[in-house]
Amino acid sequence: MKQSKSLLLIFILLAFSALSSCGGDDVPDLTPEEQRLVDLAGTESGVTWATTSVTFDGAPSDFFGDLTITFRGTATSKTYTSTNGVPLFNASGTWAFSGTDIGKLVFDGDGGNIYSINVNSSATPATLTMTVNYTASGGVAAGVNGANGTYVFNMAQQ
């Protein structure tokens, strides 16, 4: 009798243990693209990044020193708004990962420039570095003389 009570108690404890381990953490892991999207754009309200420093062709620059860009995105829709980013960034538009490369972005209306990105979501605040070897669409004829060159934007999440 004592042995049956012990076995019953062990069975109850095992059943309780099995049931309590079911159901807590059933959220699937994010794919690398989904994680990059969350790091860059957060939730539907988006994430705003503000410039902390800029280099142009390897030298510190004041150009775009007050640039801010807000990324919003889902798997099917990616938009941005920016301030003080012309001619590199329109005031608003769409963006995408460059094909399957989640380390590169393209912006609509940007003439094919590809921006390499590095997001450090572990930093406080999170940081974003965007690098582009920018070529203005239309060049001097489009009124953007002097914009061509390599830009590195160091940004912090606001």
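None of these values were measured; they are calculated from a predicted model. Position numbers for residues count from 1 along each chain, tracking the sequence in the order it is written. Residues qualify for local features only when their pLDDT is at least 70, as the model is predicted, and side-chain atom pairs are given and counted only at 80 or more; totals for whole chains, interfaces and linings, by contrast, use all residues. Based on all heavy atoms of the structure, the side-chain values leave hydrogens and waters out of the count.

K.L.:
Which parts of the structure should I look at to understand the pattern of salt bridges?
P.N.:
Here, a salt bridge means any side-chain nitrogen of Lys or Arg that lies within 4 Å of a carboxyl oxygen of Asp or Glu. Within this structure, the stated rule accounts for one salt bridge. D101 is the salt-bridge partner of K104, the closest N and O atoms lying 4.0 Å from each other. The class of K104 is partly exposed, set by a relative accessible area of 33%. Relative accessibility thresholds used throughout: buried, under 20% of the residue-type maximum; exposed, over 50%; partly exposed, between the two (1.4 Å probe, protein chains only).

K.L.:
What exactly am I supposed to notice about the packing of aromatic side chains here?
P.N.:
The relative placement of two aromatic rings is captured by the distance of their centres and the angle of their planes. Stacked, edge-to-face and tilted labels apply to pairs of Phe, Tyr and Trp rings (six-membered ring for Trp) whose centres lie within 6.5 Å, assigned for plane angles under 30 degrees, over 60, and everything in between, in that order. Tallying each qualifying case throughout the model produces 13 aromatic pairs. Ring plane angle 75° and centroid distance 5.6 Å describe the contact between F64 and Y151, whose orientation is recorded as edge-to-face. Taken together, the residues span a long stretch of sequence, with F64 in the loop between β2 (59-61) and β3 (68-73) and Y151 in strand β9 (residues 149-157) at a distance of 87 residues. Note on F89 and F107: the rings are 5.2 Å apart at their centroids and 85° apart in plane angle, and the pair reads as edge-to-face. Note on conventions: DSSP H or I runs of at least 4 residues are helices, E runs of at least 2 residues are strands, and numbering of each starts at the N terminus.

K.L.:
I'm lost on the environment of E34 in this one. Help?
P.N.:
Structurally, E34 can be placed in helix α2 (residues 32-41). Along the primary structure E34 and I102 are separated by 68 residues, whereas in three dimensions their C-alpha atoms are 9.5 Å apart. Within polar-contact distance, the side chain of E34 engages the backbone nitrogen of T31 at 2.8 Å. Under this definition, polar contacts are N or O atom pairs within 3.5 Å; protein pairs additionally need one hydrogen-donor-capable and one acceptor-capable atom, and for neighbouring residues in sequence, both atoms have to be side-chain atoms.

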